[in-house]
Amino acid sequence: MRKAFKYRLYPTKPQARDLERTLALCRQLYNAALQERRDAYCKAGKTVGFYEQKRHLPEIRAELPEYKGVHSQVLQNVVERVDKAFQGFFRRVKAGEKPGYPRFKGKERYDSFTFPQANQTGVKVQDGRVLLYGIGSVKCKFHRPIQGAIKTATLKREGEHWYIVFVCEVEPQPLPGNQEAIGIDLGTNPNFLITSDGEMVQAPRYFHKAQAKLAAAQRSLARKKRGSNRRKQARRRVAKLHRKIANQRKDFHHKTARKLVNTYGTIVHEDLNVLGLARSRTAKGVLDAGWAQFLAILAYKAEEAGRRVVGVDPKHTSQDCPVCGHREKKPLWVRAFQCSGCGGYFHRDVAAAINVLARARTEPSGMDTAVAVP
């Protein structure tokens, strides 16, 4: 299996300028490749493919000296990104979805470039540093060791910071066998997660807590003159706050998922339509909770550990009695579930988690979202 390892880079000022220059050249090539495909089809009805554009790269490097400082495989990866953008466009057209034609990339919308064969050329890991083609030896904070064989390396700009992401091929590390199963019900306020055992994990609500600071920063940004240095500084402050919230949320998701994977052999959750919920009146709470990201993290951690994650139909899980199955609709603000059929009394979210776990035992095994690795 493949696993990503992300590390912070600390480039010097000249190295930071070289990174920005490489990023700018990659963005220009991306836009040029996109323009070539667009013009070829509009003017001649001709389709330009990946390999045809790839064959022109040596000519570009010969005619434009600035591209000689960029690794050839980095440029090939830029053309490959354009090809993948068009593949996604045609796939969506075929599926009847909203197509979304590939867009030209502005300065703030192109933030990374990739060495596709970092294990062979372009990147070399040193003691506390990374040697990058065209950039030099850059200081790197290896907060944890790299595992497995390095396959690719991506240089990524996030605000004013630079990171390197190594994708490595690693062997799965399954945990000892565990027959315990748990059902989880996801929420927004006051609890992020409730288990069928009655355990409740409080929702941190990072965005909600930072709203006052964000509002002040955004008001300050709105008052600044467009194109001024102060506006750039204000925009960086807003971006920094959003980045901090995202990092806090991701850290919480990783820790919560790790605890579940270490404790239980089978984890059952509702197969929620998060995209649909993000368009409803509960959108702010759903996006603040970050359910989609949490479920993705939970799935890959479970796969690596040899655990099982199952998604089940979410319909009526909070309306059915977990004892007798009697269904009774109640408004969302009612948090105590008292069954009028058998008289059972439960916390509504705990009852939903119990129903989620029970449903996994009656639905087909094809509902699994992660397959156990024996």
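For the structure, see preceding data.
Residues numbered from 1 in each chain as written. Predicted model: local features only at pLDDT ≥ 70, side-chain atom pairs only at ≥ 80, totals over all residues. Heavy atoms only, no water.

Engineer: What should I look at first to understand the overall build of the protein chain in this one?
Structural biologist: The helix and strand tally for the protein chain stands at ten helices and 15 strands. On the principal axes, the C-alpha backbone points of the protein chain span a range of 80 × 55 × 50 Å. Every one of the 374 residues in the protein chain was classed for burial, and the buried ones make up 38%. Restricting the contact set of the protein chain to residue pairs at least 6 apart, pairs at least 24 apart contribute 67%. Of the roughly 21,500 Å² that the protein chain leaves accessible, carbon and sulfur atoms contribute 52%. (Helix = DSSP H or I, 4+ residues; strand = E, 2+ residues; numbered from the N terminus. Buried < 20%, exposed > 50% of the residue type's maximum accessible area, 1.4 Å probe, protein only. Contact = heavy atoms within 4.5 Å. Areas by Shrake-Rupley, 256 points an atom, 1.4 Å probe, with all protein chains shown as cover.)

Engineer: Teacher, can you tell me more about helix α5 (residues 206-223) here?
Structural biologist: An α-helical segment advances 3.6 residues per turn. Residues three or four places apart therefore align on the same side. A rise of 1.5 Å per residue sets the reference length of α5, with its 18 residues, at 26 Å; its end C-alpha atoms lie 26 Å apart and thus fit the reference within 8%. When we look at burial in α5, the residues that qualify are Ala 210, Leu 214, Ala 217, Ser 220 and Leu 221. Where α5 is buried, its residues touch α6 (229-263). (Expected span 1.5 Å × (residues − 1).)

Engineer: Hey, could you run me through the pattern of salt bridges in this one?
Structural biologist: Side chains that differ in charge, positive against negative, can pair when their charged atoms come close. Under the definition given, this model contains 16 salt bridges. The partner of Glu 304 in a salt bridge is Lys 3, with the nearest N and O atoms 3.1 Å apart. With Glu 304 in helix α9 (residues 291-305) and Lys 3 in strand β1 (residues 2-10), this residue pair connects regions lying 301 residues apart in the sequence. Each member of the pair, Glu 304 as well as Lys 3, carries the same accessibility label: buried. Shared partners join several salt bridges into a network, and the residues in it are Lys 6, Lys 156 and Glu 158. (Salt bridge = Lys/Arg side-chain N within 4 Å of Asp/Glu carboxyl O.)

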